[in-house]
Amino acid sequence: MATMPLQATETGEADRGAQADHAFAMLRGSDRIDVRDWHRLAEASCEPNSFFEHWYLRPSIGQCAHGSAVHLAIGREARNDARRLNGLLPICRRSIYYGYPVPHLATWMHPNIFCGSPLTLAGQTQRFWRALLDWADRNAQAALFLHLPQLPSDGPSYAALQRVLREEGRVAGIVRVEERAMLRSGHSPGDYVAAAMSGKKRKELRRQRKRLSELGNLRFIRQSDSGALGGWITQFLQLEQAGWKGAAGSALMSSSDTADLFRHALSGAAEYGRLERLSLELDGRPVAMLANFIAAPGVFSYKTAFDEEFARFSPGMLLQMENMDLLKRQDMQWADSCAAANHPMIERIWREKRRMVDVNVGIGGKLRRSLFRGMLRMESGCAITGLEP
């Protein structure tokens, strides 16, 4: 979707429409937020989202915005002398909506951001949504609606948005739904795999691992520090590029922007204790690699790659079997696969689903909202005041 300049409040002072105890602002430039404040918000957010933490969003804007005006909608406690940061969401203006010339406001995302939930403190999420919607009403300009993609439908951010929409009587609708594999269980790794996979398939995986180990020294490595991280990143990028993603032009190394994003993001995640990386090596050569972002109480399984030369041994699946140790983590309640719906590999192991919804919300005055209602009917077959659960 094409983007347009976003004229916005660029001070840290309370927006005129914000509540008296909640300062709201639009900031152009992520460097205007103290990293320590941003990190504290991410750690305490009622819904974790690794992709909007500073170590991921800052390089994302730097490498993937391509000159587009990305602003950060932020909320602060106006009555607190420290003016604690209590909400954050990247926002932009777009001129194209799925190929059609329909101006709108939207959460700023790119193809390697897999969750669109704002970072908000518990008890502040409704205030943040109200302030953002109020700002959008008064600064709509040519925008017809506000587009909020990739919201987990069972999360507190979406629940808070539902309440605000109902209270304000806003017209809104779910315009896209995606269900992707997730891991959420109280079972041990062994019990979970036994329930998820047939005995025949488990036997086949054991056979493949044995055959692969006959080719050399096979070992599994799990790391959470930054030791030798630069070399690990280079190996991952090369491994992914050598496979089908490289041939299709969708590998991270297919663009210097996404390759640089990967380098910066993993380095930042490691620095702040957010990275877990796994490797399956044969005689020191990686045949499968995986990077997880730790965001307690959740995990985002960010990227994985395997050596297609060894495809007959299913190295990616063997690595995922080791990754099932996520179920042992005391700080983990769920893991998001970040995979496309109906992914042929991960859905053979991870049996729960995470429902992600894209929401469009009416903004501005009566005429604008009336036009939006008509568009929503055409797009989704209905216009909804508030949202369905």
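For the structure, see preceding data.
Residues numbered from 1 in each chain as written. Predicted model: local features only at pLDDT ≥ 70, side-chain atom pairs only at ≥ 80, totals over all residues. Heavy atoms only, no water.

Things to note about the overall build of the chain
Thinking step 1. Along the chain, the regular secondary structure elements total 11 helices and 15 strands.
Thinking step 2. C-alpha extents for the chain along the principal axes are approximately 70 × 45 × 40 Å.
Thinking step 3. With 389 residues in all, the chain has 55% of them scored as buried.
Thinking step 4. Within the chain, counting contacts between residues at least 6 apart in sequence, those at least 24 apart form 76% of the total.
Thinking step 5. Of the accessible surface of the chain, which amounts to about 16300 Å², a share of 48% is contributed by carbon and sulfur atoms.
Thinking step 6. Where the 51 positive side-chain charges of the chain centre and where its 42 negative ones centre are 4 Å apart. (Helix = DSSP H or I, 4+ residues; strand = E, 2+ residues; numbered from the N terminus. Buried < 20%, exposed > 50% of the residue type's maximum accessible area, 1.4 Å probe, protein only. Contact = heavy atoms within 4.5 Å. Areas by Shrake-Rupley, 256 points an atom, 1.4 Å probe, with all protein chains shown as cover. Lys, Arg positive; Asp, Glu negative; His and termini not counted. Charge placed at Lys NZ, Arg CZ, Asp CG, Glu CD.)

Some points on the nonpolar core
Thinking step 1. Phe51 and Phe293 are the most contacted members of the largest nonpolar core, which has 82 residues in total.
Thinking step 2. If we skip the residues at most four places from it in the chain, Phe293 touches Ser50, Phe51, Trp55, Tyr56, Leu266, Ala269, Arg274, Leu275, Gly298, Val299, Phe300 and Tyr302.
Thinking step 3. One finds Val287, Ala335, Ala339 and Ile349 within the second-largest nonpolar core, a separate group that totals 32 residues. (Core = buried A, V, L, I, M, F, W, Y, C linked by side-chain atoms within 4.5 Å.)

Points about the environment of Ser250
Thinking step 1. Inspection of the secondary structure assignment puts Ser250 in the loop between helix 8 (244-248) and helix 9 (256-271).
Thinking step 2. Take Ser250: its relative accessible area is 45%, and that puts it in the partly exposed class.
Thinking step 3. Considered as a pair, Ser250 and Gly67 are 183 residues apart in the sequence and their alpha carbons are 22 Å apart.
Thinking step 4. When residues no more than four places from it in sequence are discounted, the contact partners of Ser250 are Trp244 and Lys245.

Description of the packing of helix 7 (residues 229-241) against helix 9
Thinking step 1. Two elements in contact, helix 7 and helix 9, have axes separated by 11 Å at closest approach and are oriented at 145°. The hand of the helix 7/helix 9 crossing is right-handed. Between helix 7 and helix 9, the residues in contact are Leu229, Trp232, Ile233, Phe236 and Leu237 and Ala259, Phe262, Arg263, Leu266, Ser267 and Ala270, respectively.
Thinking step 2. For the contact of helix 7 with helix 9, a count of residues per class yields nine nonpolar, one polar and one charged. (Axes fitted to C-alpha atoms, helices over the stretch in contact; angles between N-to-C directions. Left-handed = near helix turned anticlockwise from the far one by under 90°. Nonpolar A, V, L, I, M, F, W, Y, C, P; charged D, E, K, R; others polar.)

Comments concerning the pattern of salt bridges
Thinking step 1. One pass over the structure, following the stated rule, counts 32 salt bridges.
Thinking step 2. Notably, a salt bridge pairs Arg170 with Glu168, separated by 2.6 Å at the nearest N-O pair.
Thinking step 3. Here Glu168 falls in the partly exposed class, since its relative accessible area comes to 33%. (Salt bridge = Lys/Arg side-chain N within 4 Å of Asp/Glu carboxyl O.)

Comments concerning helix 9
Thinking step 1. With 16 residues, helix 9 extends 22 Å from end C-alpha to end C-alpha; this agrees with the ideal 22 Å at 1.5 Å per step.
Thinking step 2. Taken residue by residue, helix 9 has Thr258, Ala259, Leu261, Phe262, Ala265, Leu266, Gly268, Ala269 and Ala270 as its buried positions.
Thinking step 3. Those residues of helix 9 that are buried lie in contact with helix 2 (54-64), helix 7, strand 10 (275-282), strand 11 (285-295) and strand 12 (298-306).
Thinking step 4. The backbone nitrogen of Asp257 has a side-chain oxygen 3.1 Å away, supplied by the residue at the start of helix 9, namely Ser255.
Thinking step 5. Phi turns positive one or two residues past the end of helix 9, at Gly273, with a value near 70°. (Expected span 1.5 Å × (residues − 1). Polar contact = N/O pair within 3.5 Å; in protein donor to acceptor, adjacent residues only side chain to side chain.)

With respect to the pairing of strand 8 (residues 171-183)
Thinking step 1. Most of strand 8 sits inside the fold, with 10 of its 13 residues counted as buried.
Thinking step 2. Pairing geometry for strand 8 and strand 14 (residues 352-362), over 10 bridges, is antiparallel. Bridge pairing in strand 14 places Ala181 opposite Lys353.
Thinking step 3. Alignment of strand 8 against strand 13 (residues 334-336), held across two bridges, turns out to be antiparallel. Paired with Leu183 across the two strands is Ala335, which belongs to strand 13. (Pairing = 2+ DSSP bridges.)

Topic: unusual backbone geometry
Thinking step 1. The linkage connecting Ala296 with the following residue, Pro297, adopts the cis geometry, with an omega of 10°.
Thinking step 2. One non-glycine residue with positive phi stands out, namely Gln150, at about 55°.
Thinking step 3. Residue position: Gln150 is located in strand 7 (residues 145-152).
Thinking step 4. Relative accessible area serves as the criterion here: at 14%, Gln150 is assigned to the buried category.
Thinking step 5. Of note in the backbone geometry, Asn342 takes a positive phi value of approximately 65° without being a glycine.
Thinking step 6. Position of Asn342 among the secondary structure elements: in the loop between strand 13 and strand 14.

Description of the packing of aromatic side chains
Thinking step 1. Inspection of the entire model under this criterion finds 21 aromatic pairs.
Thinking step 2. With centroids separated by 4.5 Å and ring planes inclined at 25°, the aromatic side chains of Phe293 and Tyr302 adopt a geometry described as stacked.
Thinking step 3. In this structure Phe293 comes out as buried when scored by relative accessible area, which is 0%.
Thinking step 4. Aromatic rings pair up to connect Phe51, Trp55, Tyr56, Phe114, Trp232, Phe236, Phe262, Phe293, Phe300, Tyr302 and Trp334 into one cluster.
Thinking step 5. A cation over an aromatic ring shows up here: Lys303 above the ring of Tyr302, its NZ or CZ 5.7 Å from the ring centre.
Thinking step 6. The ring of Trp334 has Arg354 lying over it, and the distance from NZ or CZ to the ring centre is 4.3 Å. (Phe/Tyr/Trp six-rings, centres within 6.5 Å; stacked < 30°, edge-to-face > 60°. Lys NZ or Arg CZ within 6 Å of the ring centre and 35° of its normal.)

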